[in-house]
Amino acid sequence: MKQLTAFAFLLFIGISANAQDIKNNPGSNHGNRFEQLGTILPTPNEYRTASGAPGPKYWQQRCDYDITCELDEANRRLIGRETITYVNNSPDVLTYLWMQLDENEHSNTNNSGYQSGNSPMPKTITEADITRFSGKVDKDREYGDNVTRVADATGKALQYTINKTMMRVELPQPLKPGQQFIFKVDWNYNIIERTKYGGRGGFENFPEDGNDLYTMTQWYPRLCVYSDFQGWQNHQFVGSGEFALTFGNFKVAMTVPADHIVMATGQGQNYAQVLSPAELARWQKAQTATEPMEIVTLDEATVKEKTKSTQKKTWIFKADMVRDFAWGSSRKFIWDAMPTMVEGKKVMCMSAYGKEAYALYRKFSTKAVAHTIKSYSKFTIPFPYPVAQSLEAANGMEYPMICFNFGRCEKDANGGYSANSTYSEGTKNGMLGVVIHEVGHNFFPMIINSDERQWTWMDEGLNSFVEYLTEELWDNKYPVGKGPAYKIVDYMKLPKDMLEPIMTNSENIIQFGPNAYSKPSTGLNILRETIMGRETFDYAFKEYARRWAFKHPTPADLFRTMEDASAEDLDWFWRGWFYGTEPCDISLDTVKWAVLNTEAPAAPANNGPSTRKVPVAKPLLNSFDDISKVRNREDKKIVFATDADPSLRDFYWRYDRDLAKVDTTAFEVAVPAAAADNYSEAERFKIGGDKNMYELTFSNKGGLVMPIIIEWTFKDGSKEIDRIPVQVWRKNENKVVKTFLKNKEVVSIKLDPMRETADINTDNNTWPAIATPSKFQLFKNGGGRGGPRGAAGGGNPMQKEIK
Ligand SMILES: [Zn+2]
């Protein structure tokens, strides 16, 4: 999921252990931050090994669905029936099954009933506020699942109990290990207006043409996960914490108005029956297309919008080894498709969108889908499914092989939309980002199937990280968000009561975006660029993906695998970054400089501290560039998508973007004389005549330990970087004193010059200290709507330029 609507949040005490508070050696300056996680991690067993891999007796349940349903467009209602085959692969005897009724999120009576602890009385009140304060979703219409039948394979009724968003089905006989149970559920519900009431699925109405766009998600009663690590995952669905789902095969038949186009998880089975002859011919031609090809064109969709068919058609889809099934349906859909090869296997990349998104989606969407699955396949496992799709629905939400994204254009001068419709740069970058993000969710958590209800970060954080890598490979100048360390600094600076560890239950998080998306993503990027190195990190991360593809990993499986496959003890990092909230603030406190005294051995009187002035250096200009972008640029093996395919360059694409400039100032230092020695002057000069010794003292002001990265600038203007591993803090977690030998005279020192460690205070990172003024921003014309990722200015200069 990408966009966060205003969800209720709860202020419980975090259920996870806060490792920074569990001191191994209380009161001491060492023996704490570098100690092993020990009992903070669950004890390894035969299901999950100490190496972080699935154990010899690993098991997971399986659940197959055969679903038929009808979309009643006139009443905006969904009527469905399903036959479920549940296979008990666990060593346990089960007496009941738990199912998820997510639509009850919108029920006035069966919702989870949890209340927000922060709803002050507004000064002005709307009708929606009145409905909300009355505790209802909608005063005029009832929502939520209406379960009309639960029966076994022979049709005999089964007992069931609904507890808010969960339904327990009693098994007529205990289900033994290795046995399967087949049963049927019939249900229906009123489809919610998603754009008005929120939620991941529902309909959006377009008043201008009177049509709906349906995104059907969490729409059928689904099995909960039963696992070795927590039994039934039947925590109520509140809105934030997403889903824990069981793998299986799906066959789904959807009856919809005959003029709708249906896009769904899996492969269409009966296109010959549901497509027009022209559409079918294009679909067949698209199988070998090298550019996205329209199956349904802009003109055809625009014509269809004007009438509503009273006929119906049934679309049939199949999908194997997926944890969920979602679909979209509308007569507004334009549909394009193009195959791409992923490690020798063909994947149909497709997009569907209304005319409002045409100019953006037609140009970028399907190619971004192809780029995403290829890029993720490099960093994780080869994309295993035959289809990957992006649908425009003004949101951001993921399902296997299909996702819903945003990005619409401005109206043309004639009030309509066309291939030449314009958009702001923020909208374009937002659209690319959301497509990459949501398609990327195919890997996390659709394939590497973590429990999202417990750990939002395991899907959003890991996915945001590979999204970031993929955005950079699209265009190294893409204004990435969730990855570079310096971008998390504002969050790390927040007061303690605003922060919670990443290891916090999804429903207890208040800083949802930074905590579950950016901070874990940034942490992985710091491991990759600064702590482990790209090669070591990539191998271990890929191993995690390989081990846990089509399985249910937990955080410990990730932490253990990353160490097991790399020979890096990272417990200090998991402890500080994932279990703790402390920021990094390394301060360069003092610098002592000594040069060799090449004069004859001095009398004791001359041996005391004397000083000499160092010539004042010219002001230096340091350019600051993100380390990932620099390394990407220098790695000649990398070909960026916008370089490989010039058709991806639009109005906003520019080869060069300015780098931020950081200024340093000139200074003077005093120099103590060197001590006397017993060498001859010539010997002394030969050994140490050009040597400068620098003793640097660092203190850990933030708490979080990090490597110390030192940039030396020499008198001749050249620079050198020393990277001191984090373990330098082992024996004293508060203070480090370290001496360096340099052949050239140093004029300035700067810690973390490329801002890799998320150090929250850069004022104490330089020598001589630089006074940094606070900044104000100046806009020529009022601000603009550059969007959250808008790189350059706001507004839509494309509209002004392209007439
Ligand atoms: Zn997401």
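Model, not experiment: these values are computed from the prediction.

### Description of the sheet that holds strand β14 (residues 261-264)
Moving on, step 1. Taken in spatial order, the four strands make up an open sheet running β8-β9-β18-β14, and their pairing is antiparallel. Strands with a single pairing partner mark the edges of an open sheet, and in this sheet they are β8 (202-206) and β14. Across the sheet, the mean angle separating the axes of adjacent strands is 15 degrees when strand polarity is ignored.
Moving on, step 2. By the bridge criterion, five bridges tie β8 to strand β9 (residues 211-216) in an arrangement that is antiparallel. Counted as the bridge partner of F206 is N211 from β9.

### Things to note about the pairing of strand β2 (residues 77-87)
Look at any regular strand and the pattern is simple: side chains alternate between the two faces of the sheet.
Moving on, step 1. Across 11 bridges, strand β1 (residues 62-72) lies against β2 in antiparallel orientation. Bridge pairing in β2 places E70 opposite I79.
Moving on, step 2. Once β1 ends, the chain turns through four residues before running back antiparallel as β2, passing R76 with a positive phi of about 45 degrees.

### Thoughts on the nonpolar core
Moving on, step 1. By size, the foremost hydrophobic cluster in this structure holds 202 residues, and its most contacted members are F183, W219, W327, W335 and W577.
Moving on, step 2. It is helix α6 (residues 358-379) that provides the largest number of residues to this core, a total of 11 residues.
Moving on, step 3. Non-local contacts of W577, meaning those with residues more than four positions away in its chain, are made with I488, M492, I502, K519, P520, T522, G523, I526, L704, M706 and A758.

### A short note on the environment of S699
Moving on, step 1. By the element assignment, S699 lies in strand β27 (residues 692-700).
Moving on, step 2. For S699 and T590, which are 109 residues apart along the polypeptide, the C-alpha to C-alpha distance reads 9.7 Å.
Moving on, step 3. Setting aside anything within four residues of it in sequence, one finds S699 in contact with D585, I586, S587, D589, W729, N734 and K735.
Moving on, step 4. Separated by 2.8 Å, the side chains of S699 and D589 make a polar contact.

### Notes on the packing of aromatic side chains
Moving on, step 1. Evaluation of the coordinates by the stated rule reveals 53 aromatic pairs.
Moving on, step 2. Between W187 and W219, the aromatic rings sit 6.3 Å apart at their centres with planes inclined by 45 degrees, giving tilted as the arrangement. Remark: W219 occurs in the loop between β9 and β10 (222-223) and W187 occurs in strand β7 (residues 180-190); sequence separation between them is 32 residues. No difference in accessibility class separates W187 from W219, as the two residues are buried.
Moving on, step 3. Relative to F559, the ring of W457 lies with its centre 5.9 Å away and its plane at 10 degrees, an arrangement referred to as stacked. Of the two residues, W457 sits in helix α9 (residues 456-474) while F559 sits in helix α13 (residues 555-564), which places them 102 residues apart along the sequence.
Moving on, step 4. Look at W457 and you get buried, because its relative accessible area is 1%.
Moving on, step 5. On the accessibility criterion, F559 (1% relative accessible area) is buried.
Moving on, step 6. In this structure an aromatic cluster arises from ring pairing among F34, W457, F559, W572, F573, W574, W577, F578 and Y579.
Moving on, step 7. Taking NZ or CZ as reference, R222 lies 4.6 Å from the ring centre of F243, over its face.

### Points about the side chain of S450
Moving on, step 1. Topologically, S450 is positioned in the loop between α8 (442-447) and α9.
Moving on, step 2. In contact with S450, not counting residues within four places along its chain, are F243, R323, P445, M458, D459 and P553.

### Points about the packing of α9 against helix α12 (residues 534-548)
Moving on, step 1. Interaxial distance between α9 and α12 falls to 14 Å at its minimum, and their mutual angle equals 140 degrees. Compared by their axis directions, α9 and α12 come out oblique. As for the relative orientation of α9 and α12, their crossing is left-handed in sense. Contact residues: α9 offers M458, L462, F465 and V466, while α12 offers F537, F541 and Y544.
Moving on, step 2. Of the residues contributing to the contact of α9 with α12, the split by class is seven nonpolar, no polar and no charged.

### Brief notes about the environment of T297
Moving on, step 1. By secondary structure assignment, the location of T297 is in the loop between β16 (293-296) and α5 (298-304).
Moving on, step 2. Separated by 61 residues in sequence, T297 and Y358 have C-alpha atoms that sit 9.9 Å apart.

### Quick notes on the pairing of strand β17 (residues 312-322)
Moving on, step 1. Relative to β17, strand β13 (residues 248-257) is paired through nine bridges, and the arrangement is antiparallel. When the bridges of β17 are listed, P257 appears paired with K312.
Moving on, step 2. Where strand β15 (residues 267-268) and β17 come together, two bridges link them in antiparallel fashion. Across the sheet, G268 pairs through a bridge with F317, a residue of β17.

### Some details on the confidence of the model for the chain
Moving on, step 1. Looking at the chain as a whole, the pLDDT averages 88, with 87% of positions reaching at least 70.
Moving on, step 2. A low-confidence stretch, residues 657-677 (pLDDT under 50), is modelled with 63 contacts involving residues beyond four sequence positions or located in other chains.

### Some words on the environment of Y114
Moving on, step 1. Note that Y114 resides in the loop between β3 (94-100) and α1 (127-133).
Moving on, step 2. Taking the C-alpha atoms as reference, Y114 lies 7.4 Å from V238; in sequence the two are 124 residues apart.

### Digging into helix α14 (residues 571-578)
Moving on, step 1. Counting buried positions over the eight residues of α14 gives eight, a clear majority of the element.
Moving on, step 2. Along α14, the residues classified as buried are D571, W572, F573, W574, R575, G576, W577 and F578.
Moving on, step 3. Close packing links the buried residues of α14 with α9, α10 (489-492), α11 (512-531) and α13.

### Quick word on the pattern of salt bridges
Moving on, step 1. Under the counting rule described, the total for this entry stands at 49 salt bridges.
Moving on, step 2. Of the charged contacts, one joins E204 and R408 as a salt bridge, the two residues approaching to 2.9 Å between their closest N and O atoms. Here the residue E204 occupies a position in strand β8, and R408 occupies one in the loop between β23 (402-405) and α7 (425-440), the gap between them amounting to 204 residues.
Moving on, step 3. Take E204: its relative accessible area is 8%, and that puts it in the buried class.
Moving on, step 4. For R408, a relative accessible area of 23% gives the class partly exposed.
Moving on, step 5. Overlapping salt bridges, with partners in common, bring together D209, E305, K332, K355 and E356 in one network.

### Some remarks on helix α15 (residues 627-634)
Moving on, step 1. Looking only at α15, the buried set comprises I627, S628, K629, V630 and N632.
Moving on, step 2. The elements touched by buried residues of α15 are α9, α11, α12 and β29 (719-724).
Moving on, step 3. Where α15 begins, the side chain of D626 points an oxygen toward the backbone nitrogen of S628, at a separation of 3.1 Å.

How each quantity is defined
- Residues numbered from 1 in each chain as written.
- Predicted model: local features only at pLDDT ≥ 70, side-chain atom pairs only at ≥ 80, totals over all residues.
- Heavy atoms only, no water.
- Pairing = 2+ DSSP bridges.
- Helix = DSSP H or I, 4+ residues; strand = E, 2+ residues; numbered from the N terminus.
- Axes fitted to C-alpha atoms, helices over the stretch in contact; angles between N-to-C directions.
- Core = buried A, V, L, I, M, F, W, Y, C linked by side-chain atoms within 4.5 Å.
- Buried < 20%, exposed > 50% of the residue type's maximum accessible area, 1.4 Å probe, protein only.
- Contact = heavy atoms within 4.5 Å.
- Polar contact = N/O pair within 3.5 Å; in protein donor to acceptor, adjacent residues only side chain to side chain.
- Phe/Tyr/Trp six-rings, centres within 6.5 Å; stacked < 30°, edge-to-face > 60°.
- Lys NZ or Arg CZ within 6 Å of the ring centre and 35° of its normal.
- Parallel < 35°, antiparallel > 145°, perpendicular 65-115°, else oblique.
- Left-handed = near helix turned anticlockwise from the far one by under 90°.
- Nonpolar A, V, L, I, M, F, W, Y, C, P; charged D, E, K, R; others polar.
- pLDDT = per-residue confidence, 0-100.
- Salt bridge = Lys/Arg side-chain N within 4 Å of Asp/Glu carboxyl O.

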